[in-house]
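Summary of the model geometry
Each chain, written out:
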Amino acid sequence: MRTALVIGTGLIGTSAALALAGRGVTVHLSDHDPEQARTAAALGAGTDEAPEGPVDLAIVAAPPAHVAGVLADAMGRGLARGYIDVASVKGGPRRELEALGLDLTSYIGTHPMSGREKSGPLAATGDLFEGRPWVLTPTRDTDTEVLNLALELVSHCRAVPVVMDADAHDRAVALVSHMPHLVSNMVAARLENAEESAVRLCGQGIRDVTRIAASEPRMWVDILSANPGPVADLLSDVAADLEETVQALRALQSSDVAKRGAGAVGIEDILRRGKAGQVRVPGKHGSAPRAYEIVAVLIDDQPGQLARIFADAGRAGVNIEDVRIEHATGQQAGLVQLMVEPQTAPVLAAALRERGWALRQ
C-alpha cells in the first residue's frame, strides 16, 4: 500500500492515518468539517489535499448511520481500489450497501477493537491499535486484493487481525462493549445527584466501573442505534438478574431465618457467576488470564515516583505485569498496586523495602 484516503478524521480515522503515515504511506484526509481534517494534517496524519487519482485504500471512519452513504459516494466517484469502514457495527452497513445495488467485491467491513473516552483528532495517537484485535468481516464476494489491503492496514497499525461473520461480530460487541457501556452509564448516573459527602468517598472500584461513562453521548447514540436488538436482548437478561438480586437483598432484611438464608444463597449465586465470567476475560496480550500477586506501595503524588519504582523493580530483576494506581481522597498521596508473578513478589517486596519504600500488607 502506497496511498490511502481517510474519510472522517475523528479519533479512529486520525489514529489510523497517523499509523499509516508513520509507515511511509501517503495519506489523504477528508472530513465533512474541513477544520477537523486540517487539524489532523497538522498533527502529521497526512495532507488535507485531495488525491490526484484513485488511492490504494479508502478508509471510511464515519458513524455507523452514515457509513453506507459515505461508502456509496466514494465508490461512485471511484476514489480507491479498495474500500473499508471502521464502524463498530458491521451487519447493518453491509445490508444497506447491498440494498443500494453496489458491487461489494472491492469492500470489506472492519472494526478495530480500540478506543478512548475522548474523541476528535486531538485525542488520536499512532499506537492506539497496537496489540488490539482488529475484526475483518469478508464474504465470499470479497476480492482477495482488498482483503490483502485490509490486512496490510492492520499490520501497519500493529493490530491483531480477527476474521468474523458480520452478524456474529455485532452480537459479540453488544456483549463486550455496547451493553457494558450502558451499564457503566447507569451506575454513573446514580452519582449525578448524590450528596457530595458520598461522592468524596469514591474509590478505585467506582472509578473502574464508571470510567467509560465519560465518552461522548452523541457518538454512542449513533453506535447503539445501529445495534439495538442484540444490546436490548442482553440488557433484558441483566434486568432479570438485577430483579433477582433485588429480591435476594430484600430477603436478607427479613426477620425470617429461612428467607435470610434464601437471600444469602441468591447473592452468592450472582457473585459466583460474576466471578466465573470475569475469569474468562483474556489476560495480558490476549492470553489466558493469569493470577498475579499484588505488591502495594504507598507513594507521594510527586513527579518521578513511578519511574523510581519501576527502576527499582528492574534492578531487582522483577517484571511488572500490570499496575493500578489508587489516589487517596483529599491527600497528595496514593497506593500503587504492582502485579507480578507470585514467585517474584517476595523478591520485589524485599528490594523495595531496602530502597526505602513503604509497603502496605
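The following paragraphs examine the structure supplied in this document. Along each chain, residues carry numbers from 1 onward, in the same order as the chain's sequence is written. Note on the predicted model: pLDDT of at least 70 is required for a residue's local features to be given, and 80 or more for side-chain atom pairs to be given and counted; whole-chain, interface and lining totals, by contrast, use all residues. Values shown for side chains rest on all heavy atoms present in the structure; no hydrogens or waters enter the calculation.

Observations regarding the pattern of salt bridges
Definition used for salt bridges: Asp or Glu carboxyl oxygen within 4 Å of a side-chain nitrogen of Lys or Arg. All told, the structure shown has 13 salt bridges when counted by the stated rule. Between Asp73 and Arg77 there is a salt bridge; the shortest N-O distance is 3.0 Å. Each residue gets one of three labels from its accessible area relative to the maximum for its type: buried under 20%, exposed over 50%, partly exposed in between, using a 1.4 Å probe on protein chains only. According to the relative accessible area criterion, Arg77 is exposed, its value standing at 54%. Taking the shortest distance from any N to any O, the salt bridge between Asp312 and Arg315 comes out at 2.5 Å. One end of the pair is Asp312 and the other is Arg315, both in helix α12 (residues 305–315) and 3 residues apart, which spans about a single turn. Among the charged side chains, a salt-bridge network with shared partners connects Asp241, Asp269, Arg272 and Arg273. Here a strand is any run of E in DSSP of at least two residues, a helix any run of H or I of at least four, and the numbering for each starts at the N terminus.

With respect to the packing of helix α10 (residues 228–252) against helix α11 (residues 257–279)
Taken N-terminus to C-terminus, the directions of α10 and α11 make an angle of 145 degrees; their axes are 7 Å apart at the nearest point. Crossing hand, α10 versus α11: left-handed. Between α10, through Asp241, Thr245, Ala248, Leu249, Ala251 and Leu252, and α11, the contact on the second element is made entirely by Lys259, Arg260, Gly263, Ala264, Gly266, Ile267, Ile270 and Arg273. Each residue receives one of three labels: charged for Asp, Glu, Lys and Arg, nonpolar for Ala, Val, Leu, Ile, Met, Phe, Trp, Tyr, Cys and Pro, and polar for the others, Gly being one of them. Residues that form the contact of α10 with α11 fall into these classes: 7 nonpolar, 3 polar and 4 charged. Fitted lines through C-alpha atoms give the axes, limited to the stretch in contact for helices. The angle between two N-to-C directions lies from 0 to 180 degrees. For any helix crossing, the convention is left-handed if the near helix is rotated counterclockwise from the far helix by under a right angle, and right-handed if that rotation is clockwise. Here, two residues are considered to be in contact whenever any of their heavy atoms come within 4.5 Å of each other.

Side note on the nonpolar core
Within soluble globular proteins, side chains that are nonpolar tend to cluster in buried spots. Core analysis: the largest hydrophobic core is formed by 34 residues, its most contacted members being Met1, Leu20, Leu29, Ile59, Ile84, Trp134 and Leu153. Contributing elements (two or more residues each) for this core: β1 (3–7), α1 (11–22), β2 (26–30), α2 (34–42), β3 (55–60), β6 (133–137) and α5 (144–156). Ranked by the residues each element gives to this core, the list is headed by α1, at 6 residues. Apart from residues no more than four positions distant in its own chain, Met1 is found in contact with Leu20, Val25, Asp56, Leu57, Leu149, Glu152 and Leu153. Residues belong to a common nonpolar core when they are buried Ala, Val, Leu, Ile, Met, Phe, Trp, Tyr or Cys residues joined through side-chain atoms within 4.5 Å.

With respect to the packing of aromatic side chains
Ring pairs are drawn from Phe, Tyr and Trp, using the six-membered ring of Trp, whenever the two centres fall within 6.5 Å, and their geometry is named by plane angle: stacked under 30 degrees, edge-to-face over 60, tilted for the rest. In the structure shown here, the tally under the stated rule is 1 aromatic pair. Measuring from centroid to centroid gives 5.0 Å for Phe129 and Trp134, while their planes differ by 55 degrees, and the two rings are tilted.

So, α1
With 12 residues, α1 should reach 16 Å at 1.5 Å per residue; the first-to-last C-alpha distance of 16 Å fits that figure. In terms of burial, α1 is largely enclosed, as 9 of its 12 residues are buried. Of the positions making up α1, those classed as buried are Leu11, Gly13, Thr14, Ser15, Ala16, Ala17, Leu18, Ala19 and Leu20. Turning to α1, the residues buried within the fold contact β1, β2, α2, β3 and α5. Of the residues one or two after α1, Gly24 is the one with positive phi, at around 90 degrees. The span one expects for a helix is its residue count, reduced by one, times 1.5 Å.

Considerations on the pairing of strand β5 (residues 107–112)
Where a strand is regular, its side chains alternate between the two sheet faces. Taken across its 6 residues, β5 has 6 buried, putting it largely inside the fold. Where burial is concerned, the two faces of β5 agree: the one with Tyr107, Gly109 and His111 and the one with Ile108, Thr110 and Pro112 are both buried. When strand β4 (residues 80–85) meets β5, the two strands line up parallel, connected through 3 bridges. Bridged to Asp85 within β5 is Gly109. With helix α4 (residues 91–99) bridging β4 and its parallel neighbour β5, the resulting β-α-β unit is right-handed. Bridge analysis of β5 against β6 gives 4 bridges, and the strand direction is antiparallel. Looking across to β6, one finds that His111 is bridged to Val135. For two strands to count as paired, DSSP must find a minimum of two bridges between them. When the strands point away from the viewer, a crossover counts as right-handed if the route from the first strand across the helix to the second turns clockwise.

Comments concerning unusual backbone geometry
Phi is positive for Arg158, which is not a glycine, with a value near 55 degrees. Mapped onto the elements, Arg158 comes out in the loop between α5 and β7 (160–163). Residue class for Arg158 comes out partly exposed when judged on its relative accessible area of 48%.

Digging into the packing of helix α6 (residues 166–189) against helix α9 (residues 217–225)
Between α6 and α9, the least distance of the axes is 11 Å, while the angle of their chain directions is 130 degrees. Relative to α9, the element α6 is oriented oblique. For the element pair α6 and α9, the recorded crossing hand is left-handed. Listed contacts from α9 to Ser177, His178, His181 and Leu182 of α6 are Trp220, Ile223 and Leu224. Residues belonging to the contact of α6 with α9 are distributed by class as follows: 4 nonpolar, 3 polar and no charged. When describing relative orientation, an angle under 35 degrees is termed roughly parallel and one over 145 degrees roughly antiparallel, while 65 to 115 degrees is termed roughly perpendicular and anything else oblique.

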